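# Structure assessment
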Amino acid sequence: MTDIPILSIIVFLPLLGAVCVSFIPGQNKPFIKLVAFLFSFITFLLSVSLFFLFNPSVGTFQFMEFVPWISSIGANYSIGIDGISLFLLMLTTFLTSIAILYSFRSIGSKVKEFMIFMLFLNTTMLGVFVSLDMLLFYLFWEAMLIPMYFLIGIWGGERRVYATMKFFLYTMFGSVLMLAAILYIYFMHQKATGISTFDLQSLLAYSTAYLPFKTRLFLFLGFAIAFAIKVPLFPFHTWLPDAYTEAPIPGNLLLAGILVKMGVYGFLRFAIPFFPEVSRDFFYPIGILAVIGIIYGALIAYVQKDMKKLIAYSSFSQVGFIMLGIFSFTDTGMTGGVLQMINHGLSISALFLLVGMLYDRTGKRGINDFGGLSGSMPVFSAFLLITILSSIGLPGLNGFVGEFLILLGVFKVNIALTAIASTGIILSAIYMLWMFQKVSYVTPADREVKKLPDLSLREILILVPIILMMFWLGLYPKPFLSRIEPSVKNLITVTAPGHFVAPVASQFLSDKKIPEKTFLKSLPGK
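Residues numbered from 1 in each chain as written. Predicted model: local features only at pLDDT ≥ 70, side-chain atom pairs only at ≥ 80, totals over all residues. Heavy atoms only, no water.

This part takes up the overall build of the protein. Scanning the protein from terminus to terminus reveals 23 helices and two strands. Its C-alpha atoms give the protein a radius of gyration of 23 Å, near enough to 24 Å, the size a compact globule of 526 residues would have. Counting only C-alpha atoms, the protein reaches 85 × 55 × 40 Å along its principal axes. Counting over 526 residues, the protein shows a buried share of 61%. Within the protein, counting contacts between residues at least 6 apart in sequence, those at least 24 apart form 79% of the total. Carbon and sulfur atoms make up 69% of the accessible area of the protein, which amounts to about 19300 Å² in all. Of the charged side chains in the protein, 35 are positive and 24 negative; the average position of the first set lies 2 Å away from that of the second. (Helix = DSSP H or I, 4+ residues; strand = E, 2+ residues; numbered from the N terminus. Rg over C-alpha atoms; globule rule 2.2 N^0.38 Å. Buried < 20%, exposed > 50% of the residue type's maximum accessible area, 1.4 Å probe, protein only. Contact = heavy atoms within 4.5 Å. Areas by Shrake-Rupley, 256 points an atom, 1.4 Å probe, with all protein chains shown as cover. Lys, Arg positive; Asp, Glu negative; His and termini not counted. Charge placed at Lys NZ, Arg CZ, Asp CG, Glu CD.)

Have a look at this one:
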């Protein structure tokens with residue numbers, strides 16, 4: 001517990017900002033933009049303070065807060081972070097500030113409503129990463145759909161309604177399965193102990209050590225499908241190209257940079273620790289699906305003519321590496337997977353920003369619509385090259401560290417999957433460098449392209465922080481890895497076979513002579 005509820009302040013400050021913006025007259029657009037950005041930026045600065053206050057030697061939750069909420073059903077306002085959620089929290093506040101700053105020029109209509117939805121979305125995303133009560137987590141998870149639905153549906157492209165409905169229906173389908181799994185565990189725990197609770201640790205201990213394997217299998221599938229849709233994992237990916245293509249650029253930053261990470265985070269926080277044996281048995285099914293996604297996404301990206309779609313399929317391909325690392329159940333692979341979530345969020349956001357800056361100038365995003373930009377827009381081309389090299393994992397940039405750790409970890413488990421997945425890196429280099437060559441050096445068909453103005457000071461200031469983070473993570477990742485590794489090792493420890501089978505638990509499982517309440521009290525951490 002901390003004296004200052006810093007996590008609550010970080011989570012709800014953007015919501016307070018949304019309320020403040022709602023009282024500003026809609027005609028006063030400059031002030032609306034300023035207030036929205038200040039609230040998002042202050043939230044980011046507060047999240048940075050967690051980086052320095054966080055104890056890297058501890059792998060369990062820190063900055064925990066607990067307030068009784070709905071006592072009649074055992075729901076509490078319980079939040080905290082570990083080394084896994086710390087950087088996802090920071091990435092969320094960072095990209096939200098960048099997205100709002102970029103929207104100053106790209107969003108011209110209904111600015112007030114746009115900023116309200118962006119700030120509200122920020123709060124819901126932050127809430128997902130800090131929740132230690134399963135009902136609270138589910139509410140934040142579902143509430144996130146509301147602002148994203150409107151951001152794509154109102155400010156998106158021509159096919160925004162179709163893309164919005166597809167995204168909404170896919171996510172809702174998975175959420176229903178997850179809710180059913182949560183409620184089943186809740187009621188079974190209540191029946192066994194007489195205690196009503198949505199507490200993460202209590203339900204985790206019960207489900208891990210007591211529920212029959214077949215039951216855990218079906219419950220795992222309920223969680224896994226919900227999270228696989230959000231990642232997305234092949235074959236649950238078909239919502240992604242439409243949503244990415246039609247979303248406004250600020251929405252792209254949060255959709256690709258943050259929302260898809262929630263699926264991976266869901267596996268790490270719920271599916272894997274709740275059902276460790278089932279999760280380990282699913283290494284090959286999920287590993288194979290991840291590798292299929294890596295190769296399939298890369299091949300589809302190569303034939304795209306629209307830069308946004310190319311980036312969308314590139315993102316789909318890259319998250320396959322993250323899933324592969326997470327399900328390796330090795331210190332190296334899982335740490336690399338967590339780090340790669342941050343790396344992917346940075347590189348994919350920068351790519352979408354650069355495409356958006358071209359679109360703002362021309363209203364086009366086709367690869368063949370551009371050419372020779374290295375001459376007319378040298379600063380833009382330099383940023384694009386660095387971002388592409390980061391995305392394909394060039395040593396010295398952030399993408400290399402994460403991918404190397406993932407492949408190293410997976411190699412310890414299965415050499416064949418490692419070898420096949422490695423071809424995805426080669427394919428990504430091919431289509432990304434091909435896009436750069438077409439956009440920057442090929443003579444454009446439209447002569448007006450040669451007259452495009454280079455990046456403005458505002459655009460440079462938007463990109464520079466992301467580029468600096470790419471180099472920092474690529475050259476000196478130790479401050480990040482040192483905070484991630486203890487939490488990953490703790491996760492591996494608590495999900496190791498037999499971890500929850502204490503002597504009393506073993507006796508209970510063998511002859512059923514120990515009362516269930518006594519059994520539950522014997523579990524670690526109870």
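As a general feature of sheets, a regular strand has side chains that alternate between the two faces. Pairing geometry for strand β1 (residues 62-70) and strand β2 (residues 75-81), over six bridges, is antiparallel. Residue pairing for β2: Glu-65 is matched across the bridge by Ile-79. Turn length for the β1-β2 hairpin, with the two strands adjacent in sequence and antiparallel, is four residues, and the turn residue Gly-74 shows positive phi of about 80°. (Pairing = 2+ DSSP bridges.)

What follows covers the pattern of salt bridges. As a working rule, side chains carrying opposite charge can pair if their charged atoms are close by. For the structure on display, the rule yields six salt bridges. Ionic pairing is found between Glu-277 and Arg-216, a salt bridge with its closest N-O pair at 2.4 Å. Here Arg-216 lies in helix α9 (residues 213-230) and Glu-277 lies in helix α12 (residues 276-281), a separation of 61 residues in the sequence. Two residues, Arg-361 and Glu-459, come together in a salt bridge whose shortest N-O distance is 2.7 Å. Separated by 98 residues along the polypeptide, Arg-361 in helix α15 (residues 331-362) and Glu-459 in helix α20 (residues 457-475) bring together distant segments of the chain. Its relative accessible area of 4% is what places Glu-459 among the buried residues. Connected via shared salt-bridge partners are Arg-159, Lys-166 and Asp-242. (Salt bridge = Lys/Arg side-chain N within 4 Å of Asp/Glu carboxyl O.)

Turning to the side chain of Ser-440, a few remarks are in order. Topologically, Ser-440 is positioned in helix α19 (residues 415-440). Residue classification places Ser-440 among the buried residues on the basis of a relative accessible area of 0%. The residues contacting Ser-440, other than those within four sequence positions of it, are Gly-372, Leu-373, Ser-374, Ser-381 and Leu-384.

Moving on, we get to the environment of Ala-75. By the secondary structure assignment, Ala-75 is in strand β2. Overall, the relative accessible area of 0% leaves Ala-75 in the buried class. For Ala-75 and Thr-197, which are 122 residues apart along the polypeptide, the C-alpha to C-alpha distance reads 6.0 Å. Residue contacts for Ala-75: discarding those within four places in its chain leaves Trp-69, Ile-70, Asp-133, Leu-135 and Phe-198.

Moving on, we get to unusual backbone geometry. The peptide bond linking Val-231 to Pro-232 adopts the cis configuration, its omega dihedral lying at -10°. The residue after Phe-234, namely Pro-235, is reached through a cis peptide bond having omega 5°. With phi around 55°, Phe-63 is a residue other than glycine that occupies positive phi space. In this structure, Phe-63 sits in strand β1. Its identity is not glycine, yet Lys-110 carries a phi of approximately 50°, on the positive side. With respect to the element layout, Lys-110 can be found in the loop between α3 (83-106) and α4 (111-130).

Moving on, we come to the environment of Trp-69. By the element assignment, Trp-69 lies in strand β1. Assessed through its relative accessible area of 38%, Trp-69 is described here as partly exposed. In this structure the C-alpha to C-alpha distance between Trp-69 and Leu-136, which are 67 residues apart in sequence, comes to 9.7 Å. Beyond its immediate sequence surroundings of up to four residues, Trp-69 is in contact with Ala-75, Asn-76, Tyr-77, Leu-135, Leu-136 and Leu-139.

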